[in-house]
Amino acid sequence: MALDVVVIDPVRETVPAEWPELVRAAGLPAIWHDDLLVRLAWFARQPAYMALVTDGGTPCALFHARHRGARPPRRFRGTSPRLLPGLVECHLAPYVTTPGYAFHPESGTAERAAAVKAFERGMAHRLGLRCAGVVYRQVIDEDRPIFRGHVIRPGEPEAVVDNRWGGVEEYLRDLPGDDRRHMRRVERLVSEDPGVRAAVETSIDGADAGRLLSVVQHRYRGRFTVPVPVPALYFEMLSGRPGIRFLTYRRPDGELLAYALQVDDGRTLLCQGWGTRDRSDGGRPHLYFDHFLRQVYQLIEDGREKMIMGKSMYELKRRFGARLSPLYAAATLR
């Protein structure tokens, strides 16, 4: 198999025309659209790269990654991290919780493993000594054979709800009694709250969405981490695209209280983000519980196979019928 790879810096170079072709062929959601990723690259703290692997001119794999350079020594503090050795971290911007690789649906394990090797060769050629290694985040269990020769370690799992119900009432009956009563109570409290209007929207004001997301990011950030803000332009560019929905909670005057970004690729619903006002800023109780319940209802009504609820808050998500799906990190040195 003779594979070719094109690695570009989307800030400076043009995305290959085959990128959207493979996005369509693989049924990838709107978050893989090339124009969206190009705009995000302009806001990134670390340089972003997009790679296309082709087999005889036919696109077979896509990769999105960032280069995380080492911090320069104090005496060389003026040195740009772009010029220092670092890791290529493969994930899809703007969140590190979305895999940064995708393959043609008709490719097998051997073809996909070869595409991974081609991507790594391409990054090493592009970055030279700056590429000390490549790390892949969010590797699912069935993809582990693709990363032959890599160091693979378990990571934090994600919560997944498999759609096994014929309707919403069947789903609620399947829950333990205490959880079912709690869900019904939350649903009633939110629906009867005169200060809240819930809706499903296809577009949202980017500044509002980014600001409310930052509230959640800062609330749960690590002790020594600084959250990377998601630009308003990201939400504005997502608005109106196929498979993109915003589950919103607004005041009667239309002011945004909270929202959830839901990405639908026709098979899977992805809970991509949650933003909310702080209680001191007029935030309302119970909305976090309610938005997951509404998304499970959406999963059942739309007949999708599963819903990915994301990481953390596992005990809470189990109450919605979620299971924990293992994830791994795969790494190799160059």
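Residues numbered from 1 in each chain as written. Predicted model: local features only at pLDDT ≥ 70, side-chain atom pairs only at ≥ 80, totals over all residues. Heavy atoms only, no water.

Some thoughts on the overall build of the chain
Helix and strand counts for the chain come out as 9 helices and 15 strands. Here the C-alpha atoms of the chain give a radius of gyration of 21 Å, agreeing with the 20 Å that 2.2 N^0.38 yields for 334 residues. Here the C-alpha coordinates of the chain stretch approximately 60 × 45 × 35 Å along the principal axes. Counting all 334 residues of the chain, 49% fall into the buried class. (Helix = DSSP H or I, 4+ residues; strand = E, 2+ residues; numbered from the N terminus. Rg over C-alpha atoms; globule rule 2.2 N^0.38 Å. Buried < 20%, exposed > 50% of the residue type's maximum accessible area, 1.4 Å probe, protein only.)

As for the sheet that holds strand 14 (residues 323-325)
An order of 9-10-11-12-13-8-14 is seen for the 7 strands of this open sheet, with the pairing classed as mixed. Of all the strands in the sheet, just strand 9 (197-201) and strand 14 have a single pairing partner and so form its edges. If you compare each strand with its neighbour and ignore which way they point, the axes differ by 25° on average. Strand direction decides the pairing type here: strand 8 (residues 158-162) and strand 13 (residues 306-310), joined by 4 bridges, are antiparallel. Residue pairing across strands places Val160 opposite Ile308, the latter belonging to strand 13. Where helix 6 (residues 206-219) meets the sheet, it contacts strand 11 (256-264) and strand 12 (268-276), and its direction lies at approximately 85° from that of strand 12. (Pairing = 2+ DSSP bridges. Axes fitted to C-alpha atoms, helices over the stretch in contact; angles between N-to-C directions. Contact = heavy atoms within 4.5 Å.)

Focus on the packing of aromatic side chains
Each aromatic ring pair is specified by the distance between its two centres and by the angle formed by the two planes. The full count for this structure, using the stated rule, is 18 aromatic pairs. Arranged with centres 4.2 Å apart and planes meeting at 5°, the rings of Phe63 and Phe119 form a pair that is stacked. Of the two residues, Phe63 sits in strand 3 (residues 58-69) while Phe119 sits in helix 3 (residues 109-127), which places them 56 residues apart along the sequence. When sorted by exposure, Phe63 lands in the same class as Phe119, which is buried. An aromatic cluster of at least three residues, connected via ring pairs, comprises Phe63, Tyr101, Phe103, Phe119, Tyr136 and Phe147. When the ring centre of Tyr328 is taken as reference, the NZ or CZ atom of Arg144 above it lies at 4.3 Å. The ring of Tyr249 has Arg294 sitting right over it, with the charged end atom 5.0 Å from the ring centre. (Phe/Tyr/Trp six-rings, centres within 6.5 Å; stacked < 30°, edge-to-face > 60°. Lys NZ or Arg CZ within 6 Å of the ring centre and 35° of its normal.)

Some thoughts on the pairing of strand 8
Look at any regular strand and the pattern is simple: side chains alternate between the two faces of the sheet. Of all 5 residues in strand 8, 4 are buried; the element is thus mostly enclosed. In terms of strand pairing, strand 8 meets strand 14 through 3 bridges, oriented antiparallel. From the neighbouring strand, Val160 faces strand 14, where its bridge partner is Arg323.

Digging into unusual backbone geometry
Omega for the peptide link from Ala93 to Pro94 comes to 5°, which places this bond in the cis form. Relative to the assigned elements, Pro94 resides in the loop between strand 4 (86-90) and strand 5 (101-103).

So, the pattern of salt bridges
Tallying each qualifying case throughout the model produces 26 salt bridges. Ionic pairing is found between Glu89 and Arg137, a salt bridge with its closest N-O pair at 2.5 Å. Residue Glu89 is located in strand 4, and its partner Arg137 is located in strand 6 (residues 131-140); the two are separated by 48 residues in the primary sequence. Using a relative accessible area of 4% as the deciding quantity, one classes Glu89 as buried. A salt bridge links Arg319 to Asp179; its shortest N-O distance comes to 2.8 Å. Of this pair, Arg319 sits in the loop between helix 9 (314-318) and strand 14 while Asp179 sits in helix 5 (residues 177-191); the two residues are 140 residues apart in sequence, bridging distant segments of the chain. Asp179 sits in the buried class, given a relative accessible area of 12%. (Salt bridge = Lys/Arg side-chain N within 4 Å of Asp/Glu carboxyl O.)

Structural notes on a nonpolar patch on the surface
A cluster of nonpolar residues, Trp42, Phe43 and Leu233, forms a patch on the protein surface that exposes about 340 Å² of accessible area. Relative to the helices and strands, Phe43 resides in the loop between helix 2 (34-41) and strand 2 (48-55). (Patch = residues over 30% accessible without salt bridge, like charges linked within 9 Å, V, L, I, M, F, W, Y side chains within 5 Å. Areas by Shrake-Rupley, 256 points an atom, 1.4 Å probe, with all protein chains shown as cover.)

So, the nonpolar core
With 39 residues, the main nonpolar core has Trp32, Tyr234, Phe235 and Tyr259 as its most contacted residues. If you list the elements that add at least two residues to this core, you get helix 1 (18-25), helix 2, strand 2, helix 6, helix 7 (232-238), strand 10 (244-250) and strand 11. When near neighbours in sequence (up to four residues on either side) are disregarded, Trp32 contacts Trp19, Val23, Leu37, Leu62, Leu92, Pro99, Gly100, Tyr101 and Ala102. By size, the runner-up hydrophobic cluster in this structure holds 33 residues, among which are Cys271, Phe292, Leu316 and Phe320. (Core = buried A, V, L, I, M, F, W, Y, C linked by side-chain atoms within 4.5 Å.)

A word on the packing of helix 5 against helix 8 (residues 287-302)
Axis angle and axis distance: for two packed helices, these are the angle between their axes and the distance between the axes, and together they describe the pair. Look at helix 5 against helix 8: their axes get within 9 Å of each other, and the N-to-C directions meet at 105°. What the angle tells us is that helix 5 and helix 8 run roughly perpendicular. For the pair helix 5 and helix 8, contact is made by His182, Met183, Arg184, Val186, Glu187 and Val190 and by Leu287, Phe289, Asp290, Leu293 and Tyr297, respectively. (Parallel < 35°, antiparallel > 145°, perpendicular 65-115°, else oblique.)

Structural notes on helix 1
For helix 1, the set of buried residues is Trp19, Leu22 and Val23. Projected down its long axis, helix 1 carries its buried residues within an arc of 105°, all on one side. Gly27 lies just past helix 1 and shows a positive phi near 65°. (Arc of directions from axis to C-beta.)

Quick notes on helix 8
Helix length check: helix 8, at 16 residues, gives a terminal C-alpha distance of 22 Å against a target of 22 Å (1.5 Å per residue), a fit within 8%. Positive backbone phi, approximately 70°, marks Gly303, located one or two places after helix 8. (Expected span 1.5 Å × (residues − 1).)

Taken by themselves, the reported measurements are silent on function.
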